[in-house]
Structure formats: C-alpha cells, structure tokens
There are 2 protein chains.
Amino acid sequence: MNSGKPRLTLYLVTDGRFITPGDKRGSLVDVVKMAIDGGVTAVQYREKEANTRVMVNEAEVLRRLCADQGVLFLVNDRIDVALAVDADGVHLGQDDMPVPIARKLLGPKRVIGVTVHNLDELKKAEDEGADYVSFAPVFATQTKPDHQRPLGVKGLSELVRHASVPCVAIGGINESNATDVFATGVDGICIVSAIMGADDPKEAARNLLKSVKTVRGFPST
Amino acid sequence: MNSGKPRLTLYLVTDGRFITPGDKRGSLVDVVKMAIDGGVTAVQYREKEANTRVMVNEAEVLRRLCADQGVLFLVNDRIDVALAVDADGVHLGQDDMPVPIARKLLGPKRVIGVTVHNLDELKKAEDEGADYVSFAPVFATQTKPDHQRPLGVKGLSELVRHASVPCVAIGGINESNATDVFATGVDGICIVSAIMGADDPKEAARNLLKSVKTVRGFPST
C-alpha cells in the first residue's frame, strides 16, 4: 500500500445527497475542500446516482484537490472512474467488482479497500489482497439504507483484533462516539454525514481529528 | 476496428427489464442465446440498475456465449465491466465516459461505439476516434425515457450521408420498419424491445435479419 496508515486517520466519504440546491456551503467540491482544511486525511468519492460523465468531471477536480494537499483519494466501486482520473485507488463493497479482478485492472500499486461485515469477509478480503478493510456498520445510519446489523463498539473491537491489514470503521460515527471507535484500535474513522451534513465542515473535521488525537498521539497530519 | 461491418448488421441491445419474474423464455442469457440462434451479429450488454458484481457475472457469461458464436460483444457505458470480462469493446452515450479517456483505458484494438443525435455529435465522435456511431433515436421508444426528438427515416438518411465511420441506428426499430431503416444505408440496426420483449426471440431475430437481407445482399451471417 503506497499510503502510510496515518493517511487513513480521518477518512471522508462523499455523498452528494447532502448538498442541497443553493447550499450555502457551496458545491460538493467546496465542502470537501473545507473538510480537508479541517484535517481530513483521505477522501473516498462515492456517487451512486450521477452519470459517468458527471462522475469523471467531479472526481477529476477532487483528485487534483487531494493530490495538492497530500490527501489519499479513492473512488467507490467505479474502477473506470478511478482509472480515468488516476485516483490513488478504489474502495469496494461486497457487491462491487471482485478484488482479484480489481487488482488486475488497477495494478499492484493502487490501493484497494474493501468493506467487510464479519470475520469471513475480513479473511477473504485479506486473502485476496485488500490493502485495507473498512468494518461496517459500527452504528445504525441513514446514509446506507441497505446496511447490515450494526457491529457496535464491542463487535468492532473483536474484528479489529483479527485484522492483519490496516482497518477503518464506518457507519454512524460522529463527534460523540469517535473516541470510543478509535479506542478499538482502528487506523481510521470514515465519516459521511457528520462532515457532509455539517454547517461548518471544516470545524466538524477539526473536532473529529481532535477526538482522534485524544486517543493516540498520531503523527502530525 | 477489429470487426467487419457485417458484424454490426443485427445488433441486439439487452434490457433486463424485459425479463419478468418466472419468464417462460428463461433468463436474460437464455433470451440472448435464442436471439443469437436467430442471427444476431452483435450484442451490447446494457444494464443500468444492477450492482457491479451482478453486471460482471452476467457480462462474463454473455461474453463467452458471444465469443463462441463469433458475435461481437460490447458493454454499454461501463468500461470497468468491459475490461473485467475482456469484451470486444464498449458503447458510449453522450453522458458516458468521454471518448479520448475511454480510448486510453481500452487501448487501440477494442471497439468504441458512440451514440449521436445530430451532425455536431457525429463529427465530434469521428474526430475523437469512434469506431462506429449509433444514430438515435430513429423512432419514439419507451425503453429510453430520456431520449431526444426522433430523427425519422429522413433525418437518419441525412446523418448517414455524412458519416465516414460505420453506423447503426436505434430507437423503435422493429419488423415493420426495419427495411426502411436499412434502406438509409446504415450498416446495422439496433434492436431492444422487438427482440428482448418477443415471445420467441429467435424467430424475431430471424425475421429481422430477413428484412435486412431484402435490402442488401449481405455476406452470410
């Protein structure tokens, strides 16, 4: 994996549904920019509704923004979009491209992250060469309506204990629980609504990063 | 383009919405198989609703089926899926991946087809290196709700006259009008509902091919 663990620390997953018409915060790109200013270390572009051309255009802008700021840039699901904009890698769900095919298309250097819900999926992802895994969902969340039963902090801790690759967690993580989640030993926390839906995405990111740093002394990010 | 013009002659575009639960004709793959038995020379896998894993699995089966029968196999929009199953190429709409990026990802040998609605789009597609174009829509159709104003046979003829790459036509083409469409000089006709929705896809394909052959003496396909 060509990114160090610290780059996963505060991991933003985009969701265009949080950008309302005439949003005072600006566009999706503006919100991501604010979040990076606040300390986000990785950005995953997740877009399920737009057409491919819109996705490529948006991803291209985000990719440049992240590259300029030393932020890891990944694309959810769409390997075509990731290759088109020369992203650092992709994040794959269990219903996305199988990891072995993804690796063939992306080459050895690009990052492949995989969402896993249990021990079996964790072992499979590791065997297939995932560079990191994302445990999901920690808590109940509205942003992924089809999610599985929440792991809770206890279930998450159990999975983290078995992980041999870097790992992050996703699902309902916000300022109120970020410390507990980080204390399980994950290398990063994935945030959707607590940043994408925040009035001040920069402040939200800064506060989340502060919570994280109370748990472990991280390299300056 | 590594396919001869005749391979575009009877061009099936798949649409999973025509496969009803408990469909007597079988699965999407079964319907495509019958259509190939009836004489289809090209298959474009178009799937807008399934997740990537389902698409890859389905496309993989169709790709093998087509390869066995010498039928051109293309994937609509999704370059990742096309690469995953080693398809012969892709078909791109105006809202899909820009042709120059697609060419970079697919290499010089794979086929890139582009949907065009007017002279400007035709010239752009040709300049960007499309291997063939698809004029759309000839007639009104329900399978693409967002389509533009129908070209009609006259509008189609005008576009065909200006095309310097092989061209096909799509939109509401069926047995009753296939001869008129073919008489405009197109190299092939694209069929969705007239085959995907036919009680007997093999017979439908055979009849469409017969109509085509009344217009021009095609090499035996």
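The structure under discussion appears in the preceding block.
Remember, predicted model here, so these are calculated numbers, not experimental data.

What counts as what
- Each chain has its residues counted from 1, following the order in which its sequence is written.
- Starting at A for chains and at 1 for ligands, labels are handed out in the order in which the entities are written.
- Given that the model is predicted, a residue must reach a pLDDT of at least 70 before its local features are reported, and side-chain atom pairs must reach 80 or more before they are shown or counted; all residues, however, enter totals for whole chains, interfaces and linings.
- For side-chain calculations, the full set of non-hydrogen atoms in the structure is used, while hydrogens and water are omitted.
- Working definition: helices are DSSP H or I runs of at least four residues, strands are E runs of at least two. Numbering for both runs from the N terminus.
- Atoms counted for the radius of gyration: C-alpha only. Globule rule: 2.2 Å times residue count to the power 0.38.
- Think of it in three bands: with a 1.4 Å probe and only protein chains considered, a residue is buried below 20% of the maximum accessible area for its type, exposed above 50%, and partly exposed in between.
- Superposing copies: least-squares fit, C-alpha atoms only, residues required to have pLDDT of at least 70 in both.
- Throughout, a residue-residue contact means that at least one pair of heavy atoms, one from each residue, lies within 4.5 Å.
- Polar contacts, as used here, are pairs of N or O atoms within 3.5 Å; protein pairs need one atom able to donate a hydrogen and one able to accept it. Residues neighboring in sequence count only if both atoms are side-chain atoms.
- When two components associate, each loses some accessible surface as probed by a 1.4 Å sphere; the sum of these losses over both components is called the buried area.
- Here, a salt bridge means any Lys or Arg side-chain nitrogen found within 4 Å of an Asp or Glu carboxyl oxygen.
- When residues are sorted by character, Ala, Val, Leu, Ile, Met, Phe, Trp, Tyr, Cys and Pro go into the nonpolar class, Asp, Glu, Lys and Arg into the charged class, and all the rest, Gly among them, into the polar class.

## Observations regarding the overall build of chain A
When helices and strands are counted, chain A shows 9 helices and 8 strands. Against the globule reference of 17 Å for 221 residues, chain A gives a C-alpha radius of gyration of 16 Å, in line with a compact fold. Here the C-alpha coordinates of chain A stretch approximately 45 × 40 × 35 Å along the principal axes. Here chain A holds 221 residues, and the buried ones make up 56% of them.

## Details of the relation of the copies chain B and chain A
Relative to chain A, chain B is turned by 180° and slid 0.0 Å along the rotation axis, the superposed coordinates differing by an RMSD of 0.0 Å. In symmetry terms, the pair is related by a two-fold rotation axis. No C-alpha of chain B lies nearer the rotation axis than that of Asp-80 of chain B, which sits 2.3 Å from it. Both copies present the same face, since 100% of the interface residues in chain B are matched by interface residues at the equivalent positions in chain A.

## Concerning the side chain of Ser-211 of chain B
Residue and element names in this part refer to chain B. As for its position among the elements, Ser-211 is in helix H9 (residues 201-215). Of the polar contacts made by the side chain of Ser-211, one reaches the backbone oxygen of Asn-207; its length is 3.0 Å. If near-sequence neighbours (up to four positions away) are discounted, Ser-211 is found in contact with Glu-175, Ala-178 and Thr-179.

## Points about the interface of chain B and chain A
Each partner contributes to the interface: chain B provides 19 residues, whereas chain A provides 19 residues. Counting each side, the surface lost to burial between chain B and chain A is near 1600 Å², with a carbon and sulfur contribution of 57%. Three residues stand out in chain B for area buried against chain A, namely Arg-53, Asp-80 and Met-97 of chain B, and they jointly supply 33% of the buried area on that side. One can count 1 salt bridge joining chain B with chain A. Taken together, the connections running from chain B to chain A amount to 8 residue pairs in polar contact (both at pLDDT 80 or more). Among the elements of the structure, helix H2 (52-69), helix H3 (79-84) and helix H4 (99-106) of chain B are those that each provide at least two residues to the side of chain B that touches chain A. Among the elements that make up the side of chain B that touches chain A, the one with the highest residue count is H3 of chain B (5 residues). For the side of chain B that touches chain A, a count of residues per class yields 9 nonpolar, 4 polar and 6 charged.

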